[in-house]
Amino acid sequence: MASFRAWSKVAPFIVFASWLSACAPGDPQNAMIAQSDFAEMVIGLFWQIIWWAAFVFIAVEAVLLYAIWRWRRRGAETTPQQIHGNTRLEIAWTIAPALVLASIAVPTVQVIFRTYDVPTGPDVLTIEAIGHQYWWEYRYNNGAVVTASEMHVPAGRPVLVKSTSADVWHAHWVPKLGIKRDSAPGRVTNIWFKSDIVDWYYGQCSEFCGLQHTNMRLRVRVDTPADFEAWLANQQRPAVRPAPGSLEERGLRAFENGTCAGCHVIEGTRAQARFGPNLTHFGSRTSLAGAMYDNTTENLDRWLENPQAMKPGNLMVVRVIDPEERRALVAYLQSLK
Ligand code: CUA
């Protein structure tokens, strides 16, 4: 039976191992799962370096253990042979690490250059990604389509994301697609990828940008080419007009006449301010508040009631809206498919 002292030494490792087991496959932001060509390239390099590190570790430990055993003290009186310098050994242990480092450096530099080798050609889909405190704006076809927090791309087509910022430094990151670059005001950085797997991907800002940096999230939808084209065509249309006398129409009036129109644009209405996210097709999105919450009636109502309670420090400021008016606004916004 092991003593308490022995257990107290082992316990931290057990806790650490259990904690590591939380890194199970399938996590929405698991950077070790490659689902784009870019991610495969970067993770492939990672594993190459890990295998070199494992080789070095095993080789060094093996030599160390052999030396400990081979030249251990064998009796009280014996003195080990005293050695000073061994030219052949010293040359060997200078050359061997140099070769290992070169084997790591060559593919690393190759991959770094490839990450800057942006795809070109008529097939490339270019999207502008603009960081704002605390949400992402996405623009397609030179601003013919403007959306927020959710980027749609077609499967099997190279995508070039030109990223910048409207205020402070952000960084655009979607772990499974393997793209991460700073988004800085006054600069454009390129990130590119091609994914063949239709799915939702989750990402977030990864450069500290203020109080809600953690919740500056984003979603990427990799769609079939047909679904993507249908989505893009729909996003290009102005917002749907609510039926006269409907609850949604009351919502539209409240939107145009309230503080909402001071910050947001809904194409086809009098709301034309471009400070906050474009809401023309808000109802087609799965999330709200910088992809922090799912786009549900309850969440949207709570958001309009008090956005600062749901995401403290975000830049949305509203006057107090009475519940009836909120109901109309929620109905209107969710009708904007
Ligand atoms: Cu934007 Cu952190």
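Residues numbered from 1 in each chain as written. Predicted model: local features only at pLDDT ≥ 70, side-chain atom pairs only at ≥ 80, totals over all residues. Heavy atoms only, no water.

### Side note on the layout of surface pockets
Picture a little ball the size of a water molecule; that probe, rolled over the atoms, points out where space is still empty.
Thought 1: Computed from the structure, the largest pocket encloses a volume of approximately 590 Å³.
Thought 2: Every residue lining the largest pocket is counted, 34 residues in all, and those nearest its centre are His264, Gly276, Pro277, Trp303 and Met316.
Thought 3: Sorting the residues of the lining of the largest pocket by element identifies strand E11 (287-288) and helix H6 (297-305) as the ones contributing at least two each.
Thought 4: Looking at the lining of the largest pocket element by element, the count peaks at three residues for H6.
Thought 5: Tallied by class, the residues present in the lining of the largest pocket amount to 22 nonpolar, nine polar and three charged. (1 Å grid on protein atoms, 1.4 Å probe; cavity = no way out; pocket = protein on both sides within 12 Å on 5 of 7 lines; lining within 4 Å. Points joined across faces, edges and corners; volume = space filled by probe spheres on them. Helix = DSSP H or I, 4+ residues; strand = E, 2+ residues; numbered from the N terminus. Nonpolar A, V, L, I, M, F, W, Y, C, P; charged D, E, K, R; others polar.)

### Topic: the packing of H6 against helix H8 (residues 323-335)
Thought 1: Here H6 crosses H8 at 125°, and the two axes come no closer than 10 Å. Comparing their axes, H8 and H6 come out oblique. Relative to H8, the crossing made by H6 is right-handed. Along its contact with H6, which presents Thr297, Leu300, Asp301, Leu304 and Glu305, the element H8 presents Arg326, Leu329, Val330, Leu333 and Gln334.
Thought 2: Here the residues of the contact of H6 with H8 sort into five nonpolar, two polar and three charged. (Axes fitted to C-alpha atoms, helices over the stretch in contact; angles between N-to-C directions. Parallel < 35°, antiparallel > 145°, perpendicular 65-115°, else oblique. Left-handed = near helix turned anticlockwise from the far one by under 90°. Contact = heavy atoms within 4.5 Å.)

### Here's the deal with the pairing of strand E10 (residues 217-223)
Where a strand is regular, its side chains alternate between the two sheet faces.
Thought 1: For E10, the buried fraction is high: six of the seven residues fall into the buried class.
Thought 2: Looking at chain direction, strand E4 (residues 150-154) and E10 are connected through five bridges and run parallel. Counterpart to Val153 in the pairing with E10 is Val222.
Thought 3: Of the pairings in the sheet, the one linking strand E9 (residues 199-204) to E10 comprises six bridges and is antiparallel in character. By the bridge assignment for E10, Trp200 is matched with Arg221. (Buried < 20%, exposed > 50% of the residue type's maximum accessible area, 1.4 Å probe, protein only. Pairing = 2+ DSSP bridges.)

### Digging into the pattern of salt bridges
Opposite charge on two side chains makes pairing possible when the charged atoms of those side chains draw close.
Thought 1: Tallied over the full model, the rule gives 15 salt bridges.
Thought 2: One salt bridge in this structure joins Arg221 and Asp223, with 3.0 Å as the shortest N-O distance.
Thought 3: For Arg221, a relative accessible area of 18% translates into the label buried.
Thought 4: With a closest N to O distance of 3.3 Å, Arg327 and Glu324 form a salt bridge. Residue Arg327 and its partner Glu324 are both found in helix H8; the two are separated by three residues, about one turn of the helix.
Thought 5: Look at Glu324 and you get partly exposed, because its relative accessible area is 38%.
Thought 6: Here the salt bridges share partners, and the residues they tie into one network are Glu249, Arg253, Glu256 and Arg270. (Salt bridge = Lys/Arg side-chain N within 4 Å of Asp/Glu carboxyl O.)

### Section: the nonpolar core
Thought 1: Counting 35 residues, the largest nonpolar core has Ile127, Tyr138, Tyr140, Met151, Val153, Phe193 and Val220 as the members making the most contacts within it.
Thought 2: Ignoring any residue separated from it by four or fewer positions in sequence, one finds Met151 in contact with Ile127, Tyr138, Tyr140, Val161, His172, Phe193, Arg219, Val220 and Arg221.
Thought 3: Counting residues in each nonpolar core, the second largest holds 25 residues, with Phe255, Ala271, Trp303 and Val330 among its members. (Core = buried A, V, L, I, M, F, W, Y, C linked by side-chain atoms within 4.5 Å.)

### Some points on the sheet that holds strand E2 (residues 135-140)
Thought 1: Across the sheet, five strands lie side by side as E3-E2-E1-E5-E8; this open sheet has mixed pairing. Strands at the two margins of the open sheet, each flanked by one partner only, are strand E3 (145-148) and strand E8 (189-193). Each strand axis lies, on average, 25° off the axis of its neighbour in the sheet, ignoring direction.
Thought 2: The sheet strands contacting helix H4 (residues 225-236) are strand E1 (125-132), E2 and E3, and the helix crosses E3 at an angle near 100°.

### What about the state of the cysteines?
Thought 1: Counted according to the given criterion, the structure contains zero disulfides.
Thought 2: Free of any disulfide, Cys260 has its nearest cysteine sulfur in Cys263, 9.0 Å distant.
Thought 3: With relative accessibility at 28%, the residue Cys263 sits in the partly exposed group. (Disulfide = S-S within 2.5 Å.)

### A few points about the packing of aromatic side chains
Thought 1: Counted by the stated rule, this structure contains eight aromatic pairs.
Thought 2: Judged by centre distance (5.9 Å) and plane angle (80°), the ring pair of Trp52 and Phe55 falls under edge-to-face. Residue Trp52 and its partner Phe55 are located together in helix H2 (residues 37-70), separated by three residues, close to a single helical turn.
Thought 3: By relative accessible area, which is 48% here, Phe55 ends up partly exposed.
Thought 4: Measuring from ring centre to ring centre gives 6.2 Å for Tyr66 and Trp69, while their planes differ by 45°; the resulting arrangement is tilted. One end of the pair, Tyr66, and the other, Trp69, are both in helix H2, three residues apart, so they sit about a helical turn from each other.
Thought 5: Here Tyr66 falls in the partly exposed class, since its relative accessible area comes to 44%.
Thought 6: We classify Trp69 as exposed; its relative accessible area is 52%. (Phe/Tyr/Trp six-rings, centres within 6.5 Å; stacked < 30°, edge-to-face > 60°.)

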